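Breakdown of the fold
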Amino acid sequence: MKFATRTLEIAGAWMLGIMWVTPLLYAAWTAFHPADFATHFDLTAPLTLGNFVRAWQAAPFARYFLNTTILVTIILVAQFLLCTPAAFAFARMEFPGRDILFGVVLLQLMVMPDVLLVGNYRTMAQLGLVDTILAIALPYLGSAFGIFLLRQTFRSVPQELDDAARLEGCTLMRRIWRVYVPLARPTYIAYGLVSVSYHWNNFLWPLVITNSVTTRPLTVGLSVFASTDQGIDWSIITAATLMTSAPLLLAFLLFQRQFVQSFMRAGIR
Amino acid sequence: MATMRRETVQAWLLVLPALLLLVAFTHWPAVATVLDSLFSTPRGSRPAHFVGLDNYAALMDDPVFWTALHNNAVYAAATIPASVILALAMALAVNTAIPGRPLLRMAYFTPTMLPMIAVANIWLFFFTPDYGLFDSIAAWFGLGRHNWLGDTATALPAMIAVAVWKEAGFFMIFYLAALQAMPPDLAEAANLEGSSRWNFFRRVTLPLLMPTTLFVLVNASINAFRLVDHVVVMTRGGPDNATTLLLYYIYETGFRFWDSSMAATLTVVLLALLGLLAWLQFGVLGKRVHYR
């Protein structure tokens, strides 16, 4: 009886697992085989990289990769530089208005810039930044999530270490840089991975704010490519799709443990 | 006194850069949106003028708005419980010594790493009439072709399926973290007392997972209003607005019809919904679960 239920559970878990990977395997099959084999399965079908080559040549994907890389880098660096001091102040300093300010920051956890397309578009238009990579990044630089996460971590840093550094005459910035940042490394890695994967994949805001090849990130480039250029050549579209997801996917497969632990850490509030 | 003042100034200086950006691109657009909703859309030579609540009245008379609201309610009511329950089931599955556990965990989690836009492309192919996967499977059972995304009855369920597939593995991670943090002697004690596994799950595991469930619920609810990338790619709100969700309708109104006032008015409705959600989280649910 017990054995039977267990077997059933294992079968169920694996059924679910197979359901979850089927879309990916199907896409991979289509992308790596000639168009004739796109929808019929034949183990003797020849493998090919031709779809990737054709996709790469059909749209400026190299430029899109560059744009996304620039975008993700700007966001990551700025978020670290901006959130670290703010998080420190909220974690370790007493000042009037602190709790109100922190409440103001936390509001962003519920109302994310993603839904404020109209308002932010107008701001960008007024700043003359429409169709720039900076405009894609700006709304995400002051990150409530980052401040919150780092504040939690900084609060767990032993006060004695901080006091020791202070006694040695370290300035405030030096204390943050020498004591707090190194001890919060796992949190930085976790936050970095979450941030990079979020912005590598972000779509709606970049779609709204960009309209040229030189600014479009991969996601928007892919959607333009899939909707207009190709009609319904699925082999090329799936190849392009896998290509754009490949860097993150490969990084995830290689550093699976790190990724999973980072997402866990970022989620435990 | 002087040192206190100095610390205050220092603290403000540390907080200010992040705070300015945050306010400029979250709080200010939210306020500006509310103001915009009270004005008309500037067109050509006619600048915006104050119209009071006219935009809201127009919204009430807009059948597409009600369709979008209804669709979003259905979408939320289906994706939230489905992805949370599946996430819990997945976490329970990979938390035991199941054969092939790392592979299984990877299978569940991988969709999380894909851009929604890539997911949409893959599923678009799936739903293609005649030679997509769904019709291929249907053909085995002797069923005819079906235009999954072109039929008002199946288009929204298709969107829901895509969202659940994408999200469940992400939420699984949080359940997994909570399960692994649970003291193992609890299960041992229950075992000694002869409590059944189901009883143990219902009486011990589930209550202990409440904070995680709340966290996941909040995220799933926000996503139900925030995640519309796949609609843009797969259906563009169609057929006949069957898959128009609130944020998609905002996008369409604001950036395809360029009616910024109506888009602002719609955004205010969305903000009100998110506000309600926040109030539910911290005001009502927050008191009932042991949190943080």
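Anyway, here's the lowdown on the structure attached to this text. (Residues numbered from 1 in each chain as written. Chains lettered and ligands numbered in written order. Predicted model: local features only at pLDDT ≥ 70, side-chain atom pairs only at ≥ 80, totals over all residues. Heavy atoms only, no water.)

**Some remarks on the overall build of chain B**
The helix and strand tally for chain B stands at 13 helices and zero strands. Going residue by residue from the N terminus, the α and β elements of chain B occur as α-α-α-α-α-α-α-α-α-α-α-α-α. The globule rule puts the C-alpha radius of gyration for 292 residues at 19 Å, and the 24 Å found for chain B is more than 25% above it. Here the C-alpha coordinates of chain B stretch approximately 80 × 80 × 30 Å along the principal axes. The 292 residues of chain B split such that 52% are buried. (Helix = DSSP H or I, 4+ residues; strand = E, 2+ residues; numbered from the N terminus. Rg over C-alpha atoms; globule rule 2.2 N^0.38 Å. Buried < 20%, exposed > 50% of the residue type's maximum accessible area, 1.4 Å probe, protein only.)

**Here's the deal with the overall build of chain A**
When helices and strands are tallied, chain A shows 14 helices and zero strands. Traced from its N-terminal end to its C-terminal end, chain A shows the element sequence α-α-α-α-α-α-α-α-α-α-α-α-α-α. A principal-axis box enclosing the C-alpha atoms of chain A has dimensions of 70 × 65 × 30 Å. Here chain A, with 269 residues, has 55% of them falling under the buried criterion. Carbon and sulfur atoms provide 68% of the accessible area of chain A, an area that totals close to 12100 Å². Both charge centroids of chain A, one from 18 positive and one from 13 negative side chains, sit 7 Å from each other. (Areas by Shrake-Rupley, 256 points an atom, 1.4 Å probe, with all protein chains shown as cover. Lys, Arg positive; Asp, Glu negative; His and termini not counted. Charge placed at Lys NZ, Arg CZ, Asp CG, Glu CD.)

**Quick word on the pattern of salt bridges**
For the structure shown, the criterion picks out six salt bridges over all chains. Of the charged contacts, one joins Arg98 of chain A and Asp99 of chain A as a salt bridge, the two residues approaching to 3.6 Å between their closest N and O atoms. Overall, Asp99 of chain A belongs to the exposed group, its relative accessible area being 60%. Put simply, Arg122 of chain A and Asp36 of chain B hold a salt bridge, and the shortest N to O gap is 3.0 Å. Here the residue Arg122 of chain A occupies a position in helix α5 (residues 117–127), and Asp36 of chain B occupies one in helix α1 (residues 2–36), the pair thus bridging two chains. Since its relative accessible area comes to 35%, Arg122 of chain A is described here as partly exposed. (Salt bridge = Lys/Arg side-chain N within 4 Å of Asp/Glu carboxyl O.)

**Notes on the interface of chain B and chain A**
Where interface size is quoted, it is often the accessible area lost as the parts come together. Facing 91 residues of chain B, the contacting portion of chain A comprises 90 residues. Buried surface at the junction of chain B and chain A, both sides included, amounts to about 8000 Å², of which 77% is carbon and sulfur. Here chain B and chain A share two salt bridges between them. The dominant element in the side of chain B that touches chain A, judged by the number of residues it contributes, is α1 of chain B, at 23 residues. Counted by class, the side of chain B that touches chain A contains 68 nonpolar, 16 polar and seven charged residues. (Contact = heavy atoms within 4.5 Å. Buried area = accessible area lost by both parts, 1.4 Å probe. Nonpolar A, V, L, I, M, F, W, Y, C, P; charged D, E, K, R; others polar.)

**So, helix α4 (residues 101–113) of chain B**
Residue and element names in this part refer to chain B. A rise of 1.5 Å per residue sets the reference length of α4, with its 13 residues, at 18 Å; its end C-alpha atoms lie 19 Å apart and thus fit the reference within 8%. Maximum bend of α4: about 30 degrees, positioned at Ala107, with proline Pro111 one to four residues after it. When α4 is considered as a whole, its buried residues turn out to be Leu104, Ala107, Tyr108, Phe109, Thr110, Pro111, Thr112 and Met113. (Expected span 1.5 Å × (residues − 1). Bend = angle between axes of the 7 residues up to and from the residue.)

**With respect to unusual backbone geometry**
Residues and elements named next belong to chain B. Despite not being glycine, Arg236 has its phi angle at roughly 50 degrees, a positive value. Looking at the element boundaries, Arg236 is found in the loop between α11 (229–234) and α12 (246–255). Residue Arg236 is classed as partly exposed on the basis of its relative accessible area, which comes to 41%. Positive phi outside glycine occurs at Asn241, with the angle close to 65 degrees. Following the sequence through the fold, Asn241 ends up in the loop between α11 and α12.

**Thoughts on a nonpolar patch on the surface**
All names here are of chain A. Taken together, Phe32, Leu47, Leu49 and Val53 make up a surface patch of nonpolar side chains, about 400 Å² in accessible area. Relative to the elements of secondary structure, Val53 occurs in helix α2 (residues 50–58). Val53 gets classed as partly exposed once you look at its relative accessible area, which sits at 43%. (Patch = residues over 30% accessible without salt bridge, like charges linked within 9 Å, V, L, I, M, F, W, Y side chains within 5 Å.)

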